[in-house]
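Summary of the model geometry
Okay, here's what each chain looks like letter by letter:
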2 protein chains.
Amino acid sequence: MLLIFDLDNTLYPTHEQVIQCREAAVKAMMKRGLPGTYEEIRKELNKVIKEKGSNYNQHFDLTVKRMTNLSRREQLAIITAGVTKYNTTKQELMKPYSETTRVLKKLKKKHNTCILTKGKEKKQWDKINRLGLYPYFKNNVWIVSDEESKETAIKKILKKFKTTNALLIGDRPDSDIKAANKTGIKSAQLMKGPYKNIKGPEPDYKINNLKELLKLLKSADD
Amino acid sequence: MLLIFDLDNTLYPTHEQVIQCREAAVKAMMKRGLPGTYEEIRKELNKVIKEKGSNYNQHFDLTVKRMTNLSRREQLAIITAGVTKYNTTKQELMKPYSETTRVLKKLKKKHNTCILTKGKEKKQWDKINRLGLYPYFKNNVWIVSDEESKETAIKKILKKFKTTNALLIGDRPDSDIKAANKTGIKSAQLMKGPYKNIKGPEPDYKINNLKELLKLLKSADD
């Protein structure tokens, strides 16, 4: 069977790691003189993220500009304290779910595995590299931009592997499950991360962690 | 006395660290399938760096494009292997010279200290943060672009500190020492890094490491 994995919140806890990085960054900016309480700064930062989208690369810059009347030189000392802390924290935290690599290792013996993820190409690849996931996917990594749907990519993947017998594993009903349903392949929704309670297209299977995939695929074999 | 420190190759071994990061990155790209010997790839990379300047952010991208006829998807797997390795190596290596913080701690008791460096603002600040140098300089960080001279900044710094009694410590005759000579302040050239054998304007003092500053300033006191 061909297994198509989503990356964020499916192979590693993206959402939790981002939250921890932002927390550490805000504290670093406060320590360097950004006025306001933690809650006030988080509120303003969240507003900026909502306005500009998560791939905008000046969240801290704009937050600090809006919250202070400091000179540009003083602002930069604060902004970069946040950016540096965000990046060093990211490097420390960047790990897959504890079961991810063990499960992938087992699956790889019987199945083809690929990644289908949304985001910026270099950013997504950087995550795959840091997470140590390259050996399980090699060049079978498909990245679509935030504006594209995953459907077209699924069709290309099925064509490349010359099969229609595929299972997509992802966390987002509005993206992963929807695309699987539309292209007629099976889908398993991982009930983790920020989308676990969002209503949307129904998956064929619901799993609480990746280990459950092993059982699922074993019973499909029988 | 007011002490004006250059950053790169003066407070930490920039040149050596960059070389090590590039080495690690090239090896990571080879491991991921970039064809060519280590020497061939380094030669092409060096050509790109010379052509585009050191602050261009697509050195690996262009090197891989020039060396392969692979599809963009395959190129990205290789390019990002280099970028990720470069960045993780940078985070591991980023440390001041072994004597830097001890010397700064001692100097700070008697003197005002500031940084005057060339480069991109956020990139230079990121280095200061990662090196742990912020406590010794606080908001006394002056960053000029690669195209600007350091002279104008020195004049502003002297005005801010209301003094002309200043010593600039740097490694580059064509930038640090030249600017000090032109503005009439003293200069000490650190004889380390890639500029140590380059002829240029003469400094007032030559030092082999930052510890020698302590002696120098002590004898200036006497």
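Above: the structure in question.
What you are looking at is a predicted structure, and each value in this text was computed from that prediction instead of being measured.

Some points on the pairing of strand β3 (residues 141-144) of chain B
Residue and element names in this part refer to chain B. Of the two faces of β3, the one lined by Val141 and Ile143 and the one lined by Trp142 and Val144 are each fully buried. Pairing of strand β2 (residues 112-118) with β3 involves 4 bridges; the strand directions are parallel. Bridge assignment links isoleucine 115 to a residue of β3, and that residue is valine 141.

Things to note about the packing of helix α8 (residues 151-160) of chain A against helix α9 (residues 173-183) of chain A
Residues and elements named next belong to chain A. The contact between α8 and α9 brings their axes to 9 Å, and the two run at 55°. One way to sum up the angle between α8 and α9 is to call them oblique. As for how α8 packs across α9, the hand of that crossing is right-handed. Facing α8, whose interface residues are Glu151, Ile154 and Lys155, α9 presents Ala179, Ala180, Lys182 and Thr183. For the contact of α8 with α9, the per-class residue count stands at 3 nonpolar, 1 polar and 3 charged.

Examining the packing of helix α1 (residues 14-31) of chain A against helix α4 (residues 72-93) of chain A
All names here are of chain A. Where α1 meets α4, the axes come as close as 8 Å, and the angle between the chain directions of the two elements is 145°. In the crossing of α1 with α4, the sense of the turn from one axis to the other is right-handed. Contact residues: Gln17, Val18, Gln20, Cys21, Arg22, Ala24, Ala25, Ala28 and Met29 in α1; Ile78, Ile79, Ala81, Gly82, Lys85, Tyr86, Thr89, Lys90 and Leu93 in α4. Here the contact of α1 with α4 is built from residues that sort into 11 nonpolar, 4 polar and 3 charged.

Side note on the packing of aromatic side chains
Residue and element names in this part refer to chain A. In total, this model carries 6 aromatic pairs over all chains according to the counting rule given. Plain terms: the ring middles of phenylalanine 5 and phenylalanine 137 are 6.1 Å apart, the flat faces sit at 75° to each other, and that makes the pair edge-to-face. Of this pair, phenylalanine 5 sits in strand β1 (residues 2-5) while phenylalanine 137 sits in helix α7 (residues 134-137), placing them 132 residues apart in sequence. Residue classification places phenylalanine 5 among the buried positions, given a relative accessible area of 0%.

Description of the relation of the copies chain A and chain B
The transformation that overlays chain A on chain B combines an axial shift of 0.0 Å with a rotation of 180°, and the residual RMSD is 0.0 Å. Both copies of the chain, as the preceding transformation shows, are related through a two-fold rotation axis. When each C-alpha of chain A is compared by its distance to the rotation axis, A:Gln91 comes out closest, at 4.3 Å. Here 100% of the interface residues in chain A have copies in chain B that are interface residues too; the copies meet face to matching face.

Notes on the environment of A:Glu74
Residue and element names in this part refer to chain A. Structurally, glutamate 74 can be placed in helix α4. Among the residues examined, glutamate 74 registers a relative accessible area of 32% and is labelled partly exposed. When the C-alpha positions of glutamate 74 and tyrosine 12 are compared, they lie 36 Å apart, and in sequence the two are 62 residues distant.

Considering the pattern of salt bridges
Residue and element names in this part refer to chain B. One pass over the structure, following the stated rule, counts 25 salt bridges over all chains. The partner of aspartate 176 in a salt bridge is lysine 150, with the nearest N and O atoms 2.5 Å apart. One end of the pair, aspartate 176, is in helix α9 (residues 173-183); the other, lysine 150, is in the loop between β3 and α8 (151-160), and 26 residues separate them in sequence. With respect to burial, aspartate 176 and lysine 150 carry one shared label: buried.

Let's talk about the interface of chain A and chain B
It is common to give the size of an interface as the accessible area that goes away when the parts come together. With 25 residues of chain A at the contact, the number on the chain B side is 25 residues. Roughly 2400 Å² of surface becomes buried between chain A and chain B when both sides are summed, with 48% attributable to carbon and sulfur atoms. Broken down residue by residue, the surface that chain A buries against chain B is led by A:Arg32, A:Arg73 and A:Lys122, which jointly contribute 26%. Along the contact surface separating chain A from chain B lie 2 salt bridges. Joining chain A to chain B, the criterion identifies 14 residue pairs in polar contact (both at pLDDT 80 or more). If you list the elements that add at least two residues to the side of chain A that touches chain B, you get α4, α6 (121-131) and β3 (141-144) of chain A. Top contributing element to the side of chain A that touches chain B by residue count: α4(A), with 11 residues. Residues belonging to the side of chain A that touches chain B are distributed by class as follows: 7 nonpolar, 9 polar and 9 charged.

Brief notes about the environment of A:Phe161
Residues and elements named next belong to chain A. When you line up the elements, phenylalanine 161 lands in the loop between α8 and β4 (166-170). The spatial distance from the C-alpha of phenylalanine 161 to the C-alpha of threonine 84 is 42 Å, given a sequence separation of 77 residues. Leave out the neighbours within four places in its chain, and phenylalanine 161 touches Leu2, Asn112 and Asn140.

Focus on the side chain of B:Asp126
Along the polypeptide, B:Asp126 turns up in helix α6 (residues 121-131). Other than its neighbours up to four places away in sequence, B:Asp126 contacts A:Thr84 and B:Lys90.

Conventions adopted
Residues numbered from 1 in each chain as written. Chains lettered and ligands numbered in written order. Predicted model: local features only at pLDDT ≥ 70, side-chain atom pairs only at ≥ 80, totals over all residues. Heavy atoms only, no water. Buried < 20%, exposed > 50% of the residue type's maximum accessible area, 1.4 Å probe, protein only. Helix = DSSP H or I, 4+ residues; strand = E, 2+ residues; numbered from the N terminus. Pairing = 2+ DSSP bridges. Axes fitted to C-alpha atoms, helices over the stretch in contact; angles between N-to-C directions. Parallel < 35°, antiparallel > 145°, perpendicular 65-115°, else oblique. Left-handed = near helix turned anticlockwise from the far one by under 90°. Contact = heavy atoms within 4.5 Å. Nonpolar A, V, L, I, M, F, W, Y, C, P; charged D, E, K, R; others polar. Phe/Tyr/Trp six-rings, centres within 6.5 Å; stacked < 30°, edge-to-face > 60°. Least-squares fit on C-alpha atoms with pLDDT ≥ 70 in both. Salt bridge = Lys/Arg side-chain N within 4 Å of Asp/Glu carboxyl O. Buried area = accessible area lost by both parts, 1.4 Å probe. Polar contact = N/O pair within 3.5 Å; in protein donor to acceptor, adjacent residues only side chain to side chain.

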